[in-house]
Amino acid sequence: MPSPPQTRTPQPAASRRVAVLIMGMHRSGTSAISGLLNRLGCDAPATPLPADGRNAKGFYESFPITDLNNRILEAAGTVWNDWSGVNPAWLQSPRYEYFAQEALALVVAEFGASPLIVLKDPRICLLTAFWVDVLGRAGYDTRMVFAVRSPADVAASLTERNGFDTVLGRLIWLRYVLEGERASRDLPRVFVSFDRLLSDWAAEVARIENGLDLRLPRRSALATAEVESFLTPSMRHFTFADADRDHPELPWIRDIQDVLMTWARHGEDPGQRTVLDGIRKKLDALVPLFDPLVRSARDRAASDAARDGANAEIDTLTEELTHRAQMLMERDRKIDDLTRGLGVITRSNEDLRQELHTARIAAEAAKAETQAVRDSRSYRLTSPLRRIATRLRG
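Quick notes on the rules
Residues numbered from 1 in each chain as written. Predicted model: local features only at pLDDT ≥ 70, side-chain atom pairs only at ≥ 80, totals over all residues. Heavy atoms only, no water. Helix = DSSP H or I, 4+ residues; strand = E, 2+ residues; numbered from the N terminus. Buried < 20%, exposed > 50% of the residue type's maximum accessible area, 1.4 Å probe, protein only. Salt bridge = Lys/Arg side-chain N within 4 Å of Asp/Glu carboxyl O. 1 Å grid on protein atoms, 1.4 Å probe; cavity = no way out; pocket = protein on both sides within 12 Å on 5 of 7 lines; lining within 4 Å. Points joined across faces, edges and corners; volume = space filled by probe spheres on them. Nonpolar A, V, L, I, M, F, W, Y, C, P; charged D, E, K, R; others polar. Pairing = 2+ DSSP bridges. Axes fitted to C-alpha atoms, helices over the stretch in contact; angles between N-to-C directions. Contact = heavy atoms within 4.5 Å. Core = buried A, V, L, I, M, F, W, Y, C linked by side-chain atoms within 4.5 Å. Polar contact = N/O pair within 3.5 Å; in protein donor to acceptor, adjacent residues only side chain to side chain.

Colleague: How should I be thinking about the overall build of the chain in this particular structure?
Modeller: What the chain contains, in helices and strands, is 11 helices and four strands. Scored against the burial criterion, the 394 residues of the chain give a buried share of 39%.

As structure tokens, then:
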């Protein structure tokens with residue numbers, strides 16, 4: 001008899017692990033993209049930044065990795081909101097390997113042996129080469145999703161959150177998108193519009209999968225329901241899509257915004273990179289001229305924030321003192337009530353003592369009267385007997 005046909009089990013293709021790196025300026029929708037990919041099967045970090053009033057649905061950032069990025073920037077002589085950028089010379093400094101070893105340990109601690117992770121911190125736009133190197137050492141192929149949002153929306157959000165002047169917010173946006181775009185050109189990447197993500201996330205997920213040659217594993221009715229509940233219009237706090245088209249202070253924003261929005265709609269056109277490179281050179285040339293003014297504006301914002309923080313602390317202390325004063329007044333009122341009650345009791349006791357004294361006097365008088373009556377009766381009864389006894393003796 002012929003042998004039955006053999007069923008062959010499909011063998012998975014050998015591949016390295018994949019890290020989806022979320023790129024983009026702060027307040028550009030990076031949290032929304034990270035949360036979406038997490039619900040579709042990408043593992044998030046083990047120690048995320050906690051949600052707060054600014055981002056009630058979560059940041060999807062690793063707390064220790066964000067702290068490390070802040071320390072790297074500090075070691076490079078800058079901070080996250082410095083529009084002048086990071087000196088590339090720090091990549092050749094002895095501190096690079098020191099931080100790389102710490103970053104590698106954090107990737108292992110935050111993601112373990114996961115084959116598919118999502119890593120997000122907007123500061124990575126300023127440190128892209130560093131993190132691509134670290135993820136490669138950890139065994140990951142890095143692929144990128146670049147969040148695109150109106151710089152006017154971003155600037156408005158930074159003004160509300162950090163008190164930044166809107167021009168400073170736009171300068172920081174320029175630096176982040178230009179640095180992140182230039183440093184990620186050799187890697188698979190997709191540009192995603194935050195607005196389009198909220199209006200048709202399924203279409204954007206298809207673009208991500210096709211652009212990154214990646215199949216997200218968690219595609220089900222349950223996952224769809226979770227995404228629909230997560231991506232809601234409430235995530236969009238500001239809408240100024242065309243506010244920068246004629247911005248007099250920063251004429252380059254319109255050109256950059258047009259390029260990135262075109263890439264987010266129709267895919268990347270490498271020929272347009274020259275536009276971004278030209279603007280980046282002009283931005284670098286402005287740093288020596290305008291950085292003192294920008295730093296002054298940032299310092300004023302920090303001073304205002306510190307003042308607001310001090311005022312908030314004073315308000316809290318005032319509220320606490322008011323509460324304690326109310327408690328003291330309530331205690332005094334209770335003491336007064338108790339004192340009045342004690343006075344009533346004292347007066348009642350005095351009345352009772354007086355009544356008792358009067359009763360005792362009346363009792364003594366009654367006792368004396370009773371004794372007198374007894375004596376009188378006894379005399380009347382014994383008087384004949386005494387007379388008889390006197391006669392007999394006589």
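Colleague: Explain the pattern of salt bridges here, please?
Modeller: Think of it this way: side chains of opposite charge can pair up when their charged atoms draw near. Going through the model one piece at a time under the given rule, you end up with 22 salt bridges. Between E97 and R137 there is a salt bridge; the shortest N-O distance is 2.8 Å. In this pair, E97 sits in helix α3 (residues 95-111) while R137 sits in helix α4 (residues 128-137), placing the two residues 40 residues apart along the sequence. The class for E97 is partly exposed, based on a relative accessible area of 36%. The class of R137 is partly exposed, set by a relative accessible area of 35%. Taking the shortest distance from any N to any O, the salt bridge between R175 and D284 comes out at 2.9 Å. With R175 in helix α6 (residues 166-183) and D284 in helix α11 (residues 273-393), this residue pair connects regions lying 109 residues apart in the sequence. Taking relative accessible area as the criterion, R175 reaches 2% and is therefore assigned buried. Look at the salt bridges and you will find they share partners, linking E181, R185, R189, E268, R273 and D277 into a network.

Colleague: Got a minute to help me understand the layout of surface pockets in this structure?
Modeller: Gaps between atoms show up when a probe of the same size as a water molecule is rolled over them. Size it by volume and the second largest pocket reaches roughly 360 Å³. Lining the second largest pocket are 19 residues; nearest its centre among them are V86, P88, L126, E179 and R280. Every element with two or more residues in the lining of the second largest pocket is listed here: α4, α6 and α11. Ranked by residues supplied to the lining of the second largest pocket, first place goes to α6 with four residues. Along the lines of polarity and charge, the residues of the lining of the second largest pocket split into 10 nonpolar, four polar and five charged.

Colleague: Looking at this structure, I do not really get the sheet that holds strand β2 (residues 116-120). What am I missing?
Modeller: Whether parallel or antiparallel, the strands of a sheet pair through hydrogen bonds between backbone atoms. Read across the sheet, four strands follow the order β2-β1-β3-β4 without closing on themselves; strand pairing throughout is parallel. Bordering the open sheet on either side are β2 and β4 (189-193), each of which pairs with just one other strand. Across the sheet, the mean angle separating the axes of adjacent strands is 25 degrees when strand polarity is ignored. Taken together, the five bridges between strand β1 (residues 17-23) and β2 define a ladder with parallel strand orientation. Across the sheet, residue A19 finds its bridge partner in β2, namely I117. This element, α4, spans β1, β2 and β3 (140-148) of the sheet and lies at about 145 degrees to β3.

Colleague: When you look at the nonpolar core in this model, what are you seeing that I'm missing?
Modeller: The nonpolar side chains of soluble globular proteins are, as a tendency, buried together. By size, the foremost hydrophobic cluster in this structure holds 57 residues, and its most contacted members are F130, W131, W173 and I256. With sequence-adjacent residues up to four places away left out, I256 is seen in contact with W173, L174, V177, L178, L276 and I279. Among the nonpolar cores identified, the runner-up in size contains 29 residues, and V18, A147, V192 and L216 belong to it.

Colleague: Would you mind going over the side chain of K120 with me for this structure?
Modeller: The topology assignment puts K120 in strand β2. Side chain to side chain, K120 and E61 meet in a polar contact 2.8 Å long. Those residues in contact with K120 that sit more than four places away from it in its chain are I22, T30, S31, S34, F59, Y60, E61 and S62.

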